[in-house]
Amino acid sequence: MNASICLHNTLTRRKEPFQPERPERVTMYVCGPTVYSYAHIGNARPAVVFDVLARLLRRRYPKVVYARNFTDVDDKINAAAEAVGAPIGQIADRFINAYHEDMCALGVLAPDLEPRVTEHIPGIIEMIQTLITRGHAYVEQGHALFHVPSYPGYGRLSGRRPEDMIAGARVEVAPYKRDPLDFVLWKPSISEQPGWDSPWGRGRPGWHIECSAMIGQHLGHTIDIHGGGQDLIFPHHENEIAQGTCAHNADYCKTWIHNSFVTVDGQKMSKSLGNVLLVRDLLAQAPGEAIRLALLSTHYRRPLDWTVQRLAAARTVVQRFYTALERSTGLAPVKFTEPDATVLAVLQDDLNVPGALVRLHELLVNLEQADTDVARAQARDHLLASAGLLGLLQQVPRAALAALHQTTPGRAFPVLGTARIEALVAEREQARQQRDFARADALRDQLASAGVVVHDRPQGSTWTLTTEVPA
RNA sequence: GGCUGGGUGGCAGAGUGGUUAUGCAGCGGUCUGCAACACCGUUUACGCCGGUUCAAUUCCGACCCCAGCCUCCA
């Protein structure tokens, strides 16, 4: 058996060996998007990071239940729905579909479960009732609120002391709160707002309770891994712990994992700065795989600054890998190729993806240096099996290179049919054989102006569509 | 003000108490009619000041700077 997977646990602030409660059923929950708009690059980072973790866990454990929710009722969704005069379900459906498309383009595999809040209202109400019964929550002016002082462990995840938080609070305390830190479990809806009947009147759930309720319903009272962006540590995850622990009288989650933020050109993404980068828009500049690689090229717990240079660099690397793979297509696959031991080992060390990429480059060199068909097939399959752990290099090379060409920014090439290109390449080869180099060079220029790059190899000339971004 | 992370060579980015990853770019070379692709070689590092140590980029302390959270946010 290989060494265990080590993960940095936000709760303990250290890297520790991952030991699931029940290895026969490993549970992981990641906070998904609120579906009121298209996914931006900051939404994509956790999706990609936890996709890699899920792949790693699945390789190790027979059954992994990975859930990622959709928050489909929320004031922002309500506002978006009101703006276009559509029901919230329509807005949510639209952006859930868009989210699926975007994540698919980034090579993110579907989680096992994608629970939606609006489909879990009875469970949410039930959980709130349990909290009230146990003395951890109360009802005031149509609101149900969690009483923070009733849970002594509050603040442990974020490393904050309640007294500091009160001192630093910048918001006015709502009159219905018994304690400034108390947070809403259920809030009343006026008639135009979406709402559901409850013992406390018509209303809708607060943000924090939904995750706890869906976790309790689908994964259990104690889960193995809970993930999300680091901005969720406080208050969202802190509140989840309080609710879940108090409702079920059990540890809520053993390992908390948080990815760091994405900045754009050194600044936080925000609507006011106008620098929110949507995955949709980036997909016009580069294939999803290059975006995925760019997101994975920094360790998940470090801040990642998104720049055009970063994406360009990722394009170059993707191109290099697929160029080598393209040259080995047609070789029979080798049976039962395992991922590389080094790749596996560094990934198991708190998901050191950049370290794994280094090893992938070494495997690439092995492929490029292999001098027999058997060696090349082995090197290729070794590389592919290893890259598969990261969700990379799994496309048909020719198609991947074509995707790079199609997304080349700032270039519009006249379209030459494949037959025409082949004819020109053949004509040039003939000219070269006749040592008519002026003619050969003219043909090469003609092809280049159409975005076709010719490669003269010992076996003869081949061609690819350019993927170079102009400087 | 409180709480988290982080500051590594032109850029990106791992890691380590002593043997200076890796990628991109640059430079030199091999291949090529010339290129391109590919391969080989190669220059420049560890924010600042103290401390511990035979030895610190790596451990400890202070400081400076950056990002995030404390209010919806991945």
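Just so we're clear, the structure is a prediction, and the values are computed from it rather than from any experiment.

Quick notes on the rules
Within every chain, residues take consecutive numbers counted from 1 along the sequence as written. Both sets of labels track the order of writing: A upward for chains, 1 upward for ligands. Reporting of local features is limited, given that this is a predicted model, to residues whose pLDDT is at least 70; pairs of side-chain atoms are given and counted only at 80 or more, and all residues count toward the totals for whole chains, interfaces and linings. Working from all heavy atoms in the structure, the side-chain values ignore hydrogens and water. pLDDT measures how confident the predictor is about each residue, on a scale from 0 to 100. Each helix is a run of DSSP H or I of at least 4 residues and each strand a run of E of at least 2, with the numbering of both proceeding from the N terminus. We call Phe, Tyr and Trp rings a pair once their centres come within 6.5 Å, taking the six-membered ring for Trp, and we label the pair stacked below 30 degrees between planes, edge-to-face above 60, and tilted otherwise. Note on exposure labels: buried denotes an accessible area under 20% of the residue type's maximum, exposed denotes more than 50%, and partly exposed covers the range between, all computed with a 1.4 Å probe on protein chains only. In this scheme, the term charge over a ring applies when either NZ of a lysine or CZ of an arginine sits within 6 Å of the ring centre and within 35 degrees of the ring normal. Criterion used throughout: strands pair if DSSP finds at least two bridges between them. By the convention used here, residues are in contact when the closest approach between their heavy atoms is within 4.5 Å. The working definition used for a salt bridge is a side-chain nitrogen of Lys or Arg within 4 Å of a carboxyl oxygen of Asp or Glu. All axes here are fitted lines through C-alpha atoms, helices being fitted over the stretch that makes contact, and every angle between N-to-C directions spans 0 to 180 degrees.

## Digging into the confidence of the model for chain A
Move 1: Confidence in the prediction of chain A, expressed as mean pLDDT, is 90, and 96% of residues score 70 or more.
Move 2: Looking over chain A, one finds the lowest element-wise mean pLDDT in helix H5 (residues 162-168), namely 66, and the highest in strand S4 (residues 64-68), namely 97.
Move 3: Reported confidences for the modelled complex are a pTM of 0.94 and an ipTM of 0.91.

## Some remarks on the packing of aromatic side chains
Move 1: The tally for this structure, following the rule as stated, stands at six aromatic pairs.
Move 2: Residues Tyr38 and Phe95 carry aromatic rings whose centres are separated by 5.1 Å and whose planes lie at 85° to one another, so their mutual orientation is edge-to-face. Note that Tyr38 is positioned in the loop between strand S3 (26-30) and helix H1 (41-60) and Phe95 in helix H3 (residues 88-105), a separation of 57 residues in sequence.
Move 3: On the accessibility criterion, Phe95 (7% relative accessible area) is buried.
Move 4: One residue, Arg178, lies across the ring of Tyr138, its end atom 3.9 Å from the ring centre.
Move 5: The ring of Tyr300 is capped by Arg301, whose NZ or CZ atom sits 5.8 Å from the centre of that ring.

## Examining the pairing of strand S2 (residues 14-17)
For a regular strand, the rule is simple: side chains alternate between the two faces of the sheet.
Move 1: With four bridges connecting them, strand S1 (residues 6-9) and S2 associate as antiparallel partners. Its bridge partner being in S2, Cys6 is matched across the sheet by Pro17.
Move 2: The loop that links S1 with its antiparallel partner S2 comprises four residues; one of these, Arg13, has a positive phi angle of about 60°.

## Quick look at the side chain of Thr10
Move 1: Tracing the chain through its elements places Thr10 in the loop between S1 and S2.
Move 2: Contacts of Thr10, omitting those with residues within four sequence positions, involve Leu157, Ile233, Trp256, Ile257 and His258.

## Points about the pattern of salt bridges
Move 1: Within this structure, the stated rule accounts for 25 salt bridges.
Move 2: We note a salt bridge from Glu101 to Arg280, for which the minimum N-O separation is 2.8 Å. Separated by 179 residues along the polypeptide, Glu101 in helix H3 and Arg280 in helix H8 (residues 279-282) bring together distant segments of the chain.
Move 3: Residue Arg280 is classed as partly exposed on the basis of its relative accessible area, which comes to 28%.
Move 4: Here Asp350 and Arg301 are joined by a salt bridge, their closest N and O atoms 2.7 Å apart. In this pair, Asp350 is assigned in the loop between helix H11 (341-348) and helix H12 (353-369) and Arg301 in the loop between helix H9 (288-296) and strand S13 (304-306), connecting sequence segments 49 residues apart.

## With respect to the sheet that holds S4
Move 1: Strand order in the open sheet formed by four strands is S4-S3-S9-S10, with parallel pairing between adjacent strands. Two strands bound the open sheet, and with one partner strand each, they are S4 and strand S10 (253-259). Recorded for the sheet is a direction-independent mean angle of 20° between the axes of neighbouring strands.
Move 2: Where strand S9 (residues 223-229) lies against S10, six bridges are found, and the strand directions are parallel. Directly across from Gly229, in S10, lies its bridge partner Asn259.
Move 3: Lying over the sheet, H1 contacts S3, S4, S9 and S10, oriented at roughly 170° with respect to S4.
Move 4: Running over the sheet, helix H7 (residues 233-248) touches S9 and S10 and is turned about 160° from S9.

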